[in-house]
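# Descriptive analysis of the structure
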Amino acid sequence: MDACLLHFDDEAASAARLAAATGLEARCIERHRFPDGEIKVRLPLERAPLPQQVVLLRSLAQPNEKLVELLLAAQTARSLGVRALTLVAPYLAYMRQDIAFTPGEAVSQRIVGGFLAGLFDAVLTVDPHLHRVHTLAEAIPLPEERALALSAAPLLADCVVAHRPHAWLVGPDAESEQWVAQAAARHGLRWAVCGKRRHGDRRVEVTLPEGVNFAGAAVVLIDDVASTGHTLAEAARGLHAAGAASVDVAVTHALFAGDALALLRAAGVGRVWSSDSVPHETNAVPLAPLLAQGLAALPRALLS
Ligand code: R5P
């Protein structure tokens, strides 16, 4: 196959899994940070020139520097003759700010989406936070067949039923319905979603769904992202107060900023399962086979 998989040193393990699932050769991009904070990247040319089709793996948790690295790496790849450049970003950052909530606010989704569309011919990601838009191509302006949003929800569901075969699946807010409904449908589980009001980064109010009796239930909270953990912690507290026998958590993207995991434990959360889109101690669901399927679905001009 005349294509290769580029990655950065801190994602060598994910790259090795994706290389094994796709048959692509993994090659590591070198990085150097200058004392003043600037970054140098160097594409791997020792063994051979870059092929014309390149896949670049970069999950975008803690995204700010990574976006600069992508800019440097992608434009260098083009200057070296790469003709088809695909970004695999298992976690895609800046998707939540999709409107200006107050005048003057940057609509980060549109800006970062436009930036990525300018660098790459295709972008593949998993469970991007698309709330007010429905397709990834609306956030990253590329032709639809080149902007692929895959979902880890079925894989999370498989993990959940292996541990809690009769769980109630609960989403902590309305946006989570897309993932909860999908996960529940796969195994015929019962599901519901809570209501949420956010008052600040670490202040959320979660109300349980009306008319559901959680007394004695094994509940698993499902969401796309755990960031500060407050959303899930609030939901877990409510569910325990409603008599749930256990509350566990399954999320696609384990951002877990700061003390988020401890916060969940303090709220009575038992097990926490996540996909490996962001490396974290809770990773239980490998995404490489799903990502490989996504890459196989791209037009052949991009990856053949
Ligand atoms: C937002 O709607 C997302 O789906 C998550 O619920 C949210 O980002 C979680 O954030 P945090 O963990 O900071 O409450």
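Residues numbered from 1 in each chain as written. Predicted model: local features only at pLDDT ≥ 70, side-chain atom pairs only at ≥ 80, totals over all residues. Heavy atoms only, no water.

## Examining the sheet that holds strand E12 (residues 218-226)
- Strand order in the open sheet made by the 6 strands is E9-E8-E12-E13-E14-E15, with parallel pairing throughout. Each end of this open sheet is capped by a strand with a single partner; those strands are strand E9 (190-193) and strand E15 (283-285). Adjacent strand axes in the sheet meet at a mean angle of 30°, parallel and antiparallel pairs treated alike.
- Sheet topology note: the strand E14 (residues 269-275)/E15 ladder contains 2 bridges and is parallel. (Pairing = 2+ DSSP bridges. Helix = DSSP H or I, 4+ residues; strand = E, 2+ residues; numbered from the N terminus. Axes fitted to C-alpha atoms, helices over the stretch in contact; angles between N-to-C directions.)

## Details of the pairing of strand E11 (residues 203-207)
- Of the two faces of E11, only the one carrying Val204 and Val206 is buried; Arg203, Glu205 and Thr207 on the other face are not.
- Here strand E10 (residues 195-200) runs beside E11; their pairing, made up of 5 bridges, is antiparallel. Note that in E11 the partner of Arg198 across the bridge is Val204.
- The hairpin formed by E10 and E11 contains 2 residues between the paired strands. (Buried < 20%, exposed > 50% of the residue type's maximum accessible area, 1.4 Å probe, protein only.)

## Some words on the layout of surface pockets
- Approximately 1200 Å³ is the volume found for the largest pocket.
- Along the wall of the largest pocket there are 45 residues; nearest its centre are Arg96, Arg198, Asp201, Val225 and Ser227.
- For the lining of the largest pocket, the secondary structure elements donating two or more residues are helix H2 (63-79), E10, E12 and helix H7 (230-241).
- Looking at the lining of the largest pocket element by element, the count peaks at 5 residues for E10.
- For the lining of the largest pocket, the class distribution of residues is 17 nonpolar, 14 polar and 14 charged.
- Approximately 160 Å³ is the volume attributed to the second largest pocket. (1 Å grid on protein atoms, 1.4 Å probe; cavity = no way out; pocket = protein on both sides within 12 Å on 5 of 7 lines; lining within 4 Å. Points joined across faces, edges and corners; volume = space filled by probe spheres on them. Nonpolar A, V, L, I, M, F, W, Y, C, P; charged D, E, K, R; others polar.)

## Thoughts on the pattern of salt bridges
- Inspection of every chain in the model, using the stated rule, returns 17 salt bridges.
- Between Arg58 and Glu69 there is a salt bridge, with its nearest N and O atoms 3.3 Å apart. Taken together, the residues span a long stretch of sequence, with Arg58 in the loop between strand E4 (53-57) and H2 and Glu69 in helix H2 at a distance of 11 residues. Neither residue differs from the other here; Arg58 and Glu69 are each classed as buried.
- A salt bridge links Arg186 to Asp158; its shortest N-O distance comes to 2.7 Å. Here Asp158 lies in helix H5 (residues 153-163) and Arg186 lies in helix H6 (residues 177-187), a separation of 28 residues in the sequence.
- The structure contains a network of salt bridges with shared partners spanning Asp9, Asp10, Glu11, Arg31, Arg58 and Glu69. (Salt bridge = Lys/Arg side-chain N within 4 Å of Asp/Glu carboxyl O.)

## Description of the site of the ligand
- With respect to spatial proximity, 15 residues lie near the ligand, and among them Asp223, Asp224, Thr228, Gly229 and Thr231 are the closest.
- Arg96 places a side-chain nitrogen or oxygen 2.8 Å from an oxygen atom of the ligand.
- Residue Lys196 places a side-chain N or O atom 3.3 Å away from an oxygen atom belonging to the ligand.
- Expressed as a share of its isolated accessible area of 380 Å², the protein-covered part of the ligand is 95%.
- Under a 2 Å grid-point criterion requiring more than half of the atoms, the pocket assigned to the ligand is the largest pocket.
- No other element matches the 4 residues that E12 contributes to the shell around the ligand.
- Residue composition of the shell around the ligand, grouped by class: 2 nonpolar, 6 polar and 7 charged. (Near = heavy atom within 4 Å. Polar contact = N/O pair within 3.5 Å; in protein donor to acceptor, adjacent residues only side chain to side chain. Areas by Shrake-Rupley, 256 points an atom, 1.4 Å probe, with all protein chains shown as cover. Sits in = over half its atoms within 2 Å of the grid points.)

## Overview of the sheet that holds strand E3 (residues 39-42)
- With respect to topology, 7 strands assemble into an open sheet ordered E3-E2-E1-E4-E5-E6-E7, the strand pairing being mixed. Of all strands in the sheet, those bounded by a partner on one side alone are E3 and strand E7 (147-150). Going from strand to strand, the sheet's axes swing by 20° on average, the running direction of each strand aside.
- Summarising the sheet, E4 and strand E5 (residues 84-89) pair through 5 bridges and their orientation is parallel. Following the sheet pairing, Leu57 is matched in E5 by Val88.
- Strands in contact with H2 are strand E1 (3-8), strand E2 (25-33), E3, E4 and E5; relative to E3, the strand with the most contacts, it is inclined by about 40°. (Contact = heavy atoms within 4.5 Å.)

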